[in-house]
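Descriptive structure summary
Residues per chain, in single letters:
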Amino acid sequence: MINVILGLKGSGKTKKLIDAINEAVATTKGDVVCIEYGNQLTYDVNYRVRLVNSKEYGIKNPDLMKGFISGLHAGNFDITHVFIENLYKSIGENLAAAEEFIAWCAKFAESNGMNITITMSEDAANVSDAMKQFLV
């Protein structure tokens, strides 16, 4: 399953993400990973969440992010939830590339029994109809 939280800056995306992360930790028996650009969430999420700073791994485009998520799963089949904070900061601000990446995430999540939640600083009016199915 994949969920995308869209909104412009200051619309409360990060708060929704933090709530979703902490709920996942409380309810899942698997592992929870959060990929963020920087270290902003360190004190906001449960200590059991594996926080990953995408800057430290040189993630700069969708292909590197796909490889990184695939590698996380290959190294730990117990991951049930992956959260990505502010997708544009990690892969670049390109809506078409982001939509293609999200479509890939949907297939990857379904075939591997994972939940992926992504936040993006984008107006919902700008996204395609295909992507609107993932919006929460």
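Residues numbered from 1 in each chain as written. Predicted model: local features only at pLDDT ≥ 70, side-chain atom pairs only at ≥ 80, totals over all residues. Heavy atoms only, no water.

**Overview of the overall build of the protein**
Broken down by element type, the protein carries 5 helices and 5 strands. When the elements of the protein are put in sequence order from the N terminus, they spell out β-α-β-β-α-β-α-α-β-α. Its C-alpha radius of gyration of 14 Å places the protein within 12% of the 14 Å reference for a compact globule of 136 residues. Counting only C-alpha atoms, the protein reaches 35 × 30 × 30 Å along its principal axes. Relative to its 136 residues, the protein shows a buried fraction of 46%. Sequence-distant contacts in the protein: of pairs separated by 6 or more residues, those separated by 24 or more amount to 68%. (Helix = DSSP H or I, 4+ residues; strand = E, 2+ residues; numbered from the N terminus. Rg over C-alpha atoms; globule rule 2.2 N^0.38 Å. Buried < 20%, exposed > 50% of the residue type's maximum accessible area, 1.4 Å probe, protein only. Contact = heavy atoms within 4.5 Å.)

**A closer look at the packing of helix H2 (residues 62-75) against helix H4 (residues 95-112)**
The contact between H2 and H4 brings their axes to 10 Å, and the two run at 15°. By the angle class used here, H2 and H4 are roughly parallel. Classified by chirality, the crossing of H4 by H2 is right-handed. In contact with Pro62, Met65, Lys66, Ile69, Ser70 and His73 of H2, H4 contributes Ala97, Glu100, Phe101, Trp104, Cys105, Phe108 and Asn112. (Axes fitted to C-alpha atoms, helices over the stretch in contact; angles between N-to-C directions. Parallel < 35°, antiparallel > 145°, perpendicular 65-115°, else oblique. Left-handed = near helix turned anticlockwise from the far one by under 90°.)

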